[in-house]
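# What the coordinates show
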Amino acid sequence: MSKFKKDTGIFIPLASAAKLTKNYRVDQLERKKHKDPVMSQFFGIDKLNELLSQEGAIGLRIYYGLDIDGDGKVDKHFVLTATDADGEDILPAQTRSVEMKAAANTGTLITDGFCPFDCPKVANPLNSDIE
């Protein structure tokens, strides 16, 4: 039986999620001394649905990525791709080569909605130390 199913994932209590995000903030700000660490990234529902509407898609895989483009700043990215029931990434045949330029839907998605720059305006347990 495949471990890749439509209901894969575990809902956790808000208190547990808050602890995870606080641990990350402390690690980035205090241990790694990052000035403006990326705390979260936003993806619009239309783009997520476009990935998930691909034939055979049952979920999303999120890769960690770093953009090192010579500007002196290393930018963290989540790279999302739809995944099938066998756990394989769904990538259109013409985009399996890393040489191809991005087109409309290349099967992978990143965002330009980053927190700390595009954060929720209201503090909550996931983005601050409030309980």
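Scroll up to find the structure.
Here's what I pulled together on the structure shown here. (Residues numbered from 1 in each chain as written. Predicted model: local features only at pLDDT ≥ 70, side-chain atom pairs only at ≥ 80, totals over all residues. Heavy atoms only, no water.)

### Here we look at the sheet that holds strand E4 (residues 108-109)
Spatially, E2-E3-E4 is the arrangement adopted by the three strands of the open sheet, whose pairing is antiparallel. Each edge of the open sheet carries a strand with a single partner, namely strand E2 (59-68) and E4. Both strand E3 (residues 74-83) and E4 contribute to a ladder of two bridges, which runs antiparallel. Looking across to E4, one finds that leucine 80 is bridged to leucine 109. (Pairing = 2+ DSSP bridges. Helix = DSSP H or I, 4+ residues; strand = E, 2+ residues; numbered from the N terminus.)

### Considering the pairing of E3
As paired strands, E2 and E3 are joined by 10 bridges and run antiparallel to one another. Considered in E3, the bridge of aspartate 67 is made with aspartate 75.

### Overview of the environment of lysine 76
Note on placement: lysine 76 falls in strand E3. For lysine 76, a relative accessible area of 25% puts it in the partly exposed group. Once the C-alpha coordinates of lysine 76 and glycine 65 are considered, the two residues, 11 residues apart in sequence, prove to be 5.8 Å apart. In contact with lysine 76, not counting residues within four places along its chain, are Tyr24, Gln28, Gln41, Gly65, Leu66 and Phe114. Of the polar contacts made by the side chain of lysine 76, one reaches the side chain of tyrosine 24; its length is 2.9 Å. (Buried < 20%, exposed > 50% of the residue type's maximum accessible area, 1.4 Å probe, protein only. Contact = heavy atoms within 4.5 Å. Polar contact = N/O pair within 3.5 Å; in protein donor to acceptor, adjacent residues only side chain to side chain.)

### Observations concerning the packing of aromatic side chains
The way to describe two aromatic rings as a pair is by their centre distance and the angle between their planes. If you walk through the whole model with that rule in mind, you get one aromatic pair. Relative to phenylalanine 78, the ring of tyrosine 64 has its centre 5.8 Å away and its plane inclined at 55°; by these criteria the two rings are tilted. Within this pair, whereas tyrosine 64 is found in strand E2, its partner phenylalanine 78 is found in strand E3, the two being separated by 14 residues in sequence. Judged by relative accessible area, which is 73%, tyrosine 64 ranks as exposed. Note on phenylalanine 78: relative accessible area 29%, which makes it partly exposed. (Phe/Tyr/Trp six-rings, centres within 6.5 Å; stacked < 30°, edge-to-face > 60°.)

### Some thoughts on the side chain of histidine 77
Mapping histidine 77 onto the fold places it in strand E3. The residues contacting histidine 77, other than those within four sequence positions of it, are Gln41, Tyr63, Tyr64, Gly65, Asp67, Ile110, Thr111 and Phe114.

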